[in-house]
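A closer look at the structure
The lines below spell out each chain.
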Amino acid sequence: MIDVAIFSVYIEDGCIVCDACEEAAPNVFEVTDDTCFIKPDVRIDGGYDRNEGKSGLKAEVISAFSDDILDAADACPVDVIIVVEGTGEEPPEPEETAAPEPEEMMTEEVVAEPVELSGDDLEGLLATGDRSMSIMFGSQSGNSEDLAAKFAKRASGYGLDATVVDMDGFDLSTLPSMKRVLIICSTWGEGEMPDNAEELWQQASTDSAPKLPGMHFTVLALGDTSYEFYCESGKDWDRRFEELGATRLVERVDCDVDYDPAAAAWALDALAAMAAVDGNGTFHEDQVEAIKDYVSGAAAAGAAGEDGFVVPNITTEAIQVEINIFRYNPVTAASGRDTWICALPGHMSVLEALRVLKATHDGSLTFRDGTCDDPTTAISVNGRLVLPGNVRLDSVAPTRDGGLRLRIEPLPAFDVLRDLVVDHWTLERKRESAKPWMVAATREGADTAQGVMGTMDPVTATSLHSMTDFSSAPLLHSCSDATPHSEEYLGPSVLVGTWARIHDPRTADSNRERLQTVIDSRNGIKAETDLASIRRQNDSSRVVAEALLDARTSALSRDSFNGRHGKHVWWYTWTVKSSGRVNDTVIYRQVLGPMGLMGNLFSGVTARMVFGFTRTGGKVFNDLLGMFAPPAGIGKMPKQFNSQVDNHHEVVAIFNEVDGRF
Ligand SMILES: Cc1cc2nc3c(=O)[nH]c(=O)nc-3n(C[C@H](O)[C@H](O)[C@H](O)COP(=O)(O)O)c2cc1C
Ligand code: SF4
């Protein structure tokens with residue numbers, strides 16, 4: 001139960017896009033690239049912005065999500081979520097914050113006379129002299145490194161010129177020349193430094209380590225409270241820098257596994273404090289708050305169109321949308337289509353449009369709902385397979401006469417449970433049968449509580465990661481032209497996972513062999529007809545298609561074209577070699593069997609080939625030679641002629657591969 005009546009909620013300047021609110025109240029908040037918006041479907045005005053106009057929330061939203069909204073406001077590390085209490089149509093007047101009495105403000109001991117800087121002086125402070133700052137990271141699995149890169153980008157907004165520094169191989173003697181240093185370091189093993197920080201730590205711990213009197217620093221420690229030595233490495237650096245004479249500007253922050261909100265809040269203080277160190281190395285503590293205001297205020301000025309900078313308006317006019325949706329009722333086993341015509345803002349996502357239809361037109365409309373990157377929400381919109389939360393209405397189809405048409409269907413290659421919801425378990429069962437799990441080999445490395453820890457070279461790690469970095473396994477599975485026609489075929493998402501595992505240097509040899517048999521099996525990569533349909537989806541699926549092409553090439557090379565399909569390929573390759581051309585007729589004959597060949601005879605395809613009018617314009621003699629006297633031997637011909645292939649797509653897949661070789 002909540003004891004406050006919420007009327008509205010809005011976001012003030014200064015959001016640090018930490019995602020905490022979206023996690024607490026995903027139905028209300030949506031974090032964008034640079035701020036947080038209140039979603040249109042919860043607001044009375046339907047707008048999509050920070051809701052600075054304090055539009056009221058819908059009654060059903062207030063009753064369902066008030067607790068979540070208050071949780072989000074609590075979770076916001078920079079307190080920019082403002083909850084407006086009240087019940088009226090008009091937002092209540094914001095409460096005046098009583099100015100503190102002068103006496104209250106004087107509670108802290110004044111250490112030094114602050115140097116007052118005017119607005120111009122502040123800009124001068126942020127723009128002149130040496131503004132360099134180093135962000136040193138100690139990282140084993142990349143979290144600290146990622147944060148270092150992220151905060152380095154943010155630093156330019158504070159007039160800082162940040163450099164990300166890997167502790168590995170860092171020359172300790174250069175440390176005293178640095179005025180501003182942020183340290184982001186995780187803890188590994190049992191309270192130990194990550195590998196890339198170990199050597200520097202050993203050097204910095206010696207008596208001969210250089211003193212750091214001119215340095216200003218602060219530490220962000222990454223760790224995990226389930227370990228006995230929580231954030232030990234960060235604590236070590238914090239203590240050691242102080243011992244060496246450096247000045248701590250901001251207290252160290254220790255982060256648990258969910259480190260983003262705490263890290264973002266630390267960065268806010270750390271960057272402002274570092275920005276307040278002038279070119280001579282003097283820290284202007286009194287300017288830190290002014291810098292924070294300046295940075296968030298500068299952003300607001302830009303957004304308002306001052307300084308000649310205009311933020312593009314992401315809200316759009318309502319457009320007329322005709323939405324045609326596949327419907328299926330499992331109780332009556334009836335299927336059909338429903339069409340709705342409605343006016344919706346073009347910037348609304350397809351998922352939001354489905355929610356609107358469900359809320360206002362047909363409560364029985366069924367689709368998988370979730371966050372915008374939820375892989376299970378994938379559907380087909382105008383033939384494109386998409387995550388509907390990631391796609392704007394006006395981007396899926398061209399707008400004609402102020403309107404657009406959407407044809408929404410469930411993913412192909414899966415059984416439909418109801419309307420747009422498909423049964424993903426078929427894919428899960430395929431994954432289960434392929435078992436592309438990690439079964440690790442014993443390797444050199446630290447024997448930790450989690451198992452053996454080793455290192456991987458960056459090229460391999462990047463390649464493995466990019467292979468499997470697709471947005472949705474069901475979506476990728478449906479990209480294939482073969483999966484809708486073959487229940488047994490494992491499909492691209494399972495196969496690329498298996499292929500990546502084979503190339504993972506941590507995989508045990510015995511497991512690698514087993515995974516290889518999965519790739520080579522008749523339901524493996526040879527059952528994929530055409531990688532083009534996968535390749536054309538998007539950037540990540542292009543990488544998947546490349547990996548699958550490698551898998552197919554290796555499978556074909558390994559089995560030396562053995563087996564029934566292999567014989568066709570072997571015969572075909574020689575035929576192609578003899579004719580010097582790739583010839584459709586030969587493929588058809590093999591795929592369709594003797595009846596197909598007869599069909600070709602009557603349709604004139606064979607005749608065209610003989611007389612040199614094939615699609616590829618082959619030479620008559622060579623084509624004839626290829627047909628009737630392949631080097632495979634005349635004796636084998638009848639067998640080939642009389643055997644029709646059950647799974648056409650398997651043969652086509654092999655021919656495609658061969659095609660690429662000649
Ligand atoms: C094998 C292993 C050992 C760890 N040991 C500790 C530890 O002793 N103390 C701690 O606070 N965190 C420990 N952690 C948690 C990591 O510090 C934490 O996951 C951190 O976010 C990793 O950051 P990085 O990717 O920058 O290395 C350990 C994690 C693993 C996987
Ligand atoms: S919790 Fe606060 S800072 Fe984080 S994204 Fe939401 S509004 Fe922004």
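Anything mentioned here points back to the structure above.
For clarity, every value in this text was computed on a predicted model and none was experimentally measured.

Conventions used here
Residues numbered from 1 in each chain as written. Chains lettered and ligands numbered in written order. Predicted model: local features only at pLDDT ≥ 70, side-chain atom pairs only at ≥ 80, totals over all residues. Heavy atoms only, no water. Helix = DSSP H or I, 4+ residues; strand = E, 2+ residues; numbered from the N terminus. Buried < 20%, exposed > 50% of the residue type's maximum accessible area, 1.4 Å probe, protein only. Contact = heavy atoms within 4.5 Å. Areas by Shrake-Rupley, 256 points an atom, 1.4 Å probe, with all protein chains shown as cover. Near = heavy atom within 4 Å. Polar contact = N/O pair within 3.5 Å; in protein donor to acceptor, adjacent residues only side chain to side chain. Pairing = 2+ DSSP bridges. Axes fitted to C-alpha atoms, helices over the stretch in contact; angles between N-to-C directions. Nonpolar A, V, L, I, M, F, W, Y, C, P; charged D, E, K, R; others polar. Left-handed = near helix turned anticlockwise from the far one by under 90°. Phe/Tyr/Trp six-rings, centres within 6.5 Å; stacked < 30°, edge-to-face > 60°. Lys NZ or Arg CZ within 6 Å of the ring centre and 35° of its normal. Parallel < 35°, antiparallel > 145°, perpendicular 65-115°, else oblique. Core = buried A, V, L, I, M, F, W, Y, C linked by side-chain atoms within 4.5 Å. Domains from an automatic or database assignment.

Things to note about the overall build of the protein
A tally of helices and strands in the protein yields 24 helices and 19 strands. The buried share of the protein, reckoned over its 662 residues, is 44%. Partitioning the intrachain contacts of the protein with sequence separation of at least 6 by distance along the chain shows that 68% fall at a separation of at least 24. Surface accessibility of the protein: about 33,200 Å² in total, with carbon and sulfur atoms responsible for 52%.

Looking at the site of ligand 1
Around ligand 1, the structure places 22 residues, and the nearest of them are Ser139, Ser141, Ser144, Ser186 and Thr187. Contact distances for ligand 1 include 3.0 Å between an oxygen atom and a backbone N or O atom of Gly142. Phe229 is positioned with one of its backbone polar atoms (N or O) 2.9 Å from a nitrogen atom of ligand 1. Protein coverage of the free-state accessible area of ligand 1, which is 640 Å², stands at 93%.

What to know about the pairing of strand β1 (residues 6–11)
For β1, the buried fraction is high: six of the six residues fall into the buried class. Pairing geometry for β1 and strand β4 (residues 81–85), over five bridges, is antiparallel. What sits directly across from Val9, in β4, is Val83.

As for the sheet that holds strand β15 (residues 403–409)
Across the sheet, five strands lie side by side as β12-β11-β15-β13-β14; this open sheet has mixed pairing. Edge strands, defined here as strands with exactly one partner in the open sheet, are β12 (334–345) and β14 (384–386). For this sheet, the mean inter-axis angle between neighbouring strands, taken without regard to orientation, is 30 degrees. Summarising the sheet, strand β13 (residues 379–381) and β14 pair through three bridges and their orientation is antiparallel. Residue pairing across strands places Val381 opposite Arg384, the latter belonging to β14.

A word on the site of ligand 2
Surveying the vicinity of ligand 2 reveals 13 residues, the closest of which are Cys15, Ile16, Cys18, Cys21 and Cys76. Considering only residue class, the shell around ligand 2 consists of twelve nonpolar, no polar and one charged.

Structural notes on the packing of helix α15 (residues 492–502) against helix α16 (residues 509–520)
Relative to each other, α15 and α16 sit at 150 degrees, their axes nearing to 9 Å. Here α15 runs over α16; the crossing is left-handed. Residues Leu495, Thr498, Trp499, Arg501 and Ile502 of α15 form the contact with α16, whose participating residues are Arg512, Leu515, Gln516, Val518 and Ile519. Of the residues contributing to the contact of α15 with α16, the split by class is six nonpolar, two polar and two charged.

Quick notes on the packing of aromatic side chains
For the structure shown, the criterion picks out five aromatic pairs. A centroid spacing of 5.0 Å and a plane angle of 75 degrees characterise the contact between Trp201 and Trp237, whose relative ring orientation is edge-to-face. Remark: Trp237 occurs in helix α7 (residues 232–243) and Trp201 occurs in helix α6 (residues 195–204); sequence separation between them is 36 residues. A relative accessible area of 13% places Trp201 in the buried class. Look at Phe217 and Phe241: their rings are 5.4 Å apart centre to centre, the planes differ by 50 degrees, and that puts the pair in the tilted class. Remark: Phe241 occurs in helix α7 and Phe217 occurs in strand β8 (residues 216–222); sequence separation between them is 24 residues. With respect to class, Phe217 is no different from Phe241; both count as buried. An aromatic cluster of three or more residues is present, and its members are Trp201, Phe217, Trp237 and Phe241. Residue placement shows Lys54 over the ring face of Tyr10; its charged tip is 4.5 Å from the ring centre.

Looking at the packing of helix α12 (residues 425–434) against α15
Interhelical geometry of α12 versus α15 gives an angle of 25 degrees and a closest axis separation of 9 Å. The angle between the axes of α12 and α15 places the two elements in the roughly parallel class. Considering the relative orientation of α12 and α15, their crossing is right-handed. Of the residues in α15, those in contact with Leu427, Lys430, Arg431 and Ala434 of α12 are Ser493, Val494 and Thr498. Partitioning the contact of α12 with α15 into residue classes produces three nonpolar, two polar and two charged.

Digging into the environment of Gly53
Here Gly53 lies in the loop between β3 (36–38) and α2 (59–75). For the pair formed by Gly53 and Tyr10, sequence separation is 43 residues and the distance between their alpha carbons is 8.1 Å.

Comments concerning the nonpolar core
One finds Ile534 and Leu548 to be the most contacted residues of the largest nonpolar core, which totals 35 residues. Secondary-structure elements contributing two or more residues to this core are α12, α13 (458–467), α14 (473–479), α15, α16 and α18 (539–558). When residues are assigned to domains, this core turns out to be shared by domain 3 (318–420) and domain 4 (425–444 + 458–479 + 489–551), each giving three or more. Excluding anything up to four places from it in sequence, Ile534 contacts Leu476, Cys479, Ser480, Pro492, Glu528, Ser541, Val544, Ala545 and Leu548.

Any functional reading would require information that these geometric values do not contain.
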